[in-house]
Amino acid sequence: MVVKWLRENVYAAGILTIIRLYLGWTWMSAGWGKLTGEKPFSAAGFLTRAAENPVVSHDQVVYPTYNAFIKGFALPNVELFNFLIPWGEFLVGLGLILGTLTTAAIFFGMMMNFAFMFAGTVSSNPWMILLSIFIIVAGANAGKFGLDYYVLPYVRKWLKLDKAAAKTTSA
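Not measured: the values here are computed from a predicted model.

Cut-off values and rules
Note that residues are indexed from 1 along each chain, following the sequence as it is written. Only residues with pLDDT of at least 70 get local features here, since the model is predicted, and only at 80 or more are side-chain atom pairs given and counted; chain-wide, interface and lining totals rely on the full set of residues. The basis for the side-chain values is all heavy atoms of the structure; hydrogens and waters are excluded. Here's how the labels work: a residue is buried when its accessible area is under 20% of the maximum for its type, exposed when over 50%, partly exposed in between, all with a 1.4 Å probe on protein chains only. Numbered from the N terminus, helices here are DSSP runs of H or I no shorter than four residues, and strands are runs of E no shorter than two. The arc in question is traced by the directions running from the helix axis to the C-beta atoms. Pairs of residues are marked as contacts when any of their non-hydrogen atoms sit within 4.5 Å. Here an angle of 0 to 180 degrees is reported between the N-to-C directions of two axes, which are lines fitted to C-alpha atoms, with helices fitted over the stretch in contact. Working definition: roughly parallel below 35 degrees, roughly antiparallel above 145 degrees, roughly perpendicular at 65 to 115 degrees, and oblique for all remaining angles. Left-handed is the label given to a crossing in which the near helix is rotated counterclockwise from the far helix by less than a right angle, and right-handed is the label when the rotation is clockwise. Any residue outside Ala, Val, Leu, Ile, Met, Phe, Trp, Tyr, Cys, Pro, Asp, Glu, Lys and Arg is labelled polar, Gly included; the first ten of those are nonpolar and the last four are charged. Whenever a nitrogen or oxygen atom comes within 3.5 Å of another N or O atom, the pair is scored as a polar contact, on the condition that within protein one atom can donate a hydrogen and the other can accept it, and that pairs from neighbouring residues in sequence are kept only if both atoms are in side chains. Think of a salt bridge as a Lys or Arg side-chain nitrogen and an Asp or Glu carboxyl oxygen that are within 4 Å of each other. Two rings from Phe, Tyr or Trp (for Trp, the six-membered ring) form a pair when their centres sit within 6.5 Å of each other. Planes less than 30 degrees apart are called stacked, planes more than 60 degrees apart edge-to-face, and all others tilted.

### As for helix α3 (residues 44-52)
Working step 1: For α3, the set of buried residues is Leu47, Ala50 and Ala51. Looking straight down α3, one finds its buried side chains confined to an arc of 95°; they lie on one side. Turned more than 90 degrees from where α3 packs its buried face, Arg49 and Glu52 sit exposed.
Working step 2: Contact partners of the buried residues in α3: α4 (64-74) and α5 (78-98).

### Comments concerning the packing of helix α2 (residues 10-36) against helix α6 (residues 102-118)
Working step 1: Between α2 and α6, the least distance of the axes is 12 Å, while the angle of their chain directions is 55°. Accordingly, the angle class assigned to the pair α2 and α6 is oblique. The two elements α2 and α6 cross, and the hand of that crossing is left-handed. Seen from α2, the contacting residues are Arg20, Leu23 and Trp27; seen from α6, they are Thr102, Ile106, Gly109, Met112, Asn113 and Phe116.
Working step 2: For the contact of α2 with α6, the residue count by class is five nonpolar, three polar and one charged.

### Quick word on the side chain of Thr17
Working step 1: For Thr17, the position within the fold is in helix α2.
Working step 2: A polar side-chain atom of Thr17 sits 2.7 Å from the main-chain carbonyl oxygen of Ala13.

### Details of the side chain of Asn141
Working step 1: Checked against the element boundaries, Asn141 lands in the loop between α7 (125-138) and α8 (148-158).
Working step 2: According to the relative accessible area criterion, Asn141 is buried, its value standing at 6%.

### Topic: the environment of Val151
Working step 1: With respect to the helices, strands and loops of the structure, Val151 is situated in helix α8.
Working step 2: Taking the relative accessible area as the measure of exposure, Val151 reaches 26% and is therefore partly exposed.
Working step 3: Taking the C-alpha atoms as reference points, Val151 and Trp87, separated by 64 residues in sequence, lie 22 Å from one another.
Working step 4: In this structure, Val151 is in contact with Thr100 and Leu101, ignoring residues within four places of it in sequence.

### Notes on the pattern of salt bridges
Working step 1: Counting across every chain of the model gives two salt bridges.
Working step 2: In this structure, Lys34 engages Glu89 in a salt bridge whose closest nitrogen and oxygen atoms are separated by 3.0 Å. One end of the pair, Lys34, is in helix α2; the other, Glu89, is in helix α5, and 55 residues separate them in sequence.
Working step 3: By relative accessible area, which is 25% here, Lys34 ends up partly exposed.

### Notes on the packing of α3 against α4
Working step 1: Between α3 and α4, the shortest axis-to-axis distance is 9 Å and the interhelical angle comes to 135°. Judged on the interaxial angle alone, α4 and α3 are oblique. For the crossing formed where α3 meets α4, the hand is left-handed. Contact with α3, carried on its side by Leu47, Ala50 and Ala51, involves Asn67, Ile70, Lys71 and Ala74 of α4 and no other residues of that element.

### A closer look at the packing of aromatic side chains
The description of two aromatic rings rests on the distance between their centres and on the angle between their planes.
Working step 1: Considering all chains together, one arrives at twelve aromatic pairs under this definition.
Working step 2: An angle of 75° between the planes, with centres 5.2 Å apart, marks the rings of Phe107 and Phe108 as edge-to-face.
Working step 3: With relative accessibility at 38%, the residue Phe107 sits in the partly exposed group.
Working step 4: Ring geometry for Tyr149 and Tyr150: centres 5.1 Å apart, planes at 85°, overall edge-to-face.
Working step 5: Judged by relative accessible area, which is 53%, Tyr149 ranks as exposed.
Working step 6: Using a relative accessible area of 53% as the deciding quantity, one classes Tyr150 as exposed.
Working step 7: In this structure an aromatic cluster arises from ring pairing among Tyr63, Tyr66, Phe69, Phe73, Phe81, Phe114 and Phe118.

So, in structure tokens, the structure goes:
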């Protein structure tokens with residue numbers, strides 16, 4: 001019942017727009033600060049600290065696979081992450097603010113939030129994930145008052161997900 005309301009109700013779309021704008025501004029300003037900061041952004045320090053101080057519970061590393069990912073891939077390719085993190089944050093925020101490809105934007109935002117938490121940072125990440133769940137569950141309705149209203153019909157037609165487009169092409 002709640003899922004149906006989130007996915008179809010116009011009032012839910014309005015509430016989701018406010019949540020989407022809040023999260024979008026949070027992501028976009030974080031990315032913009034890294035892109036335009038006085039000194040260049042570097043993830044090296046964060047990744048090094050995450051590798052040296054993994055999340056531990058009862059004297060065992062809680063996320064050994066993620067820790068191996070940081071040591072084996074992220075740190076050796078830190079320049080890639082120096083590019084991906086600021087641009088990812090900025091573009092997720094822009095997508096949410098404009099309401100364009102909203103579910104894709106929120107998915108990648110959630111992935112970044114989880115990555116930061118797996119590395120041991122808490123900050124605002126749990127709060128952002130909680131709000132993000134509502135947007136991802138709502139699907140297209142979260143972008144109803146945004147560019148998704150115009151973009152998604154073309155995407156569905158291009159991917160042949162639109163039932164009307166499928167009927168016209170098969171006739």
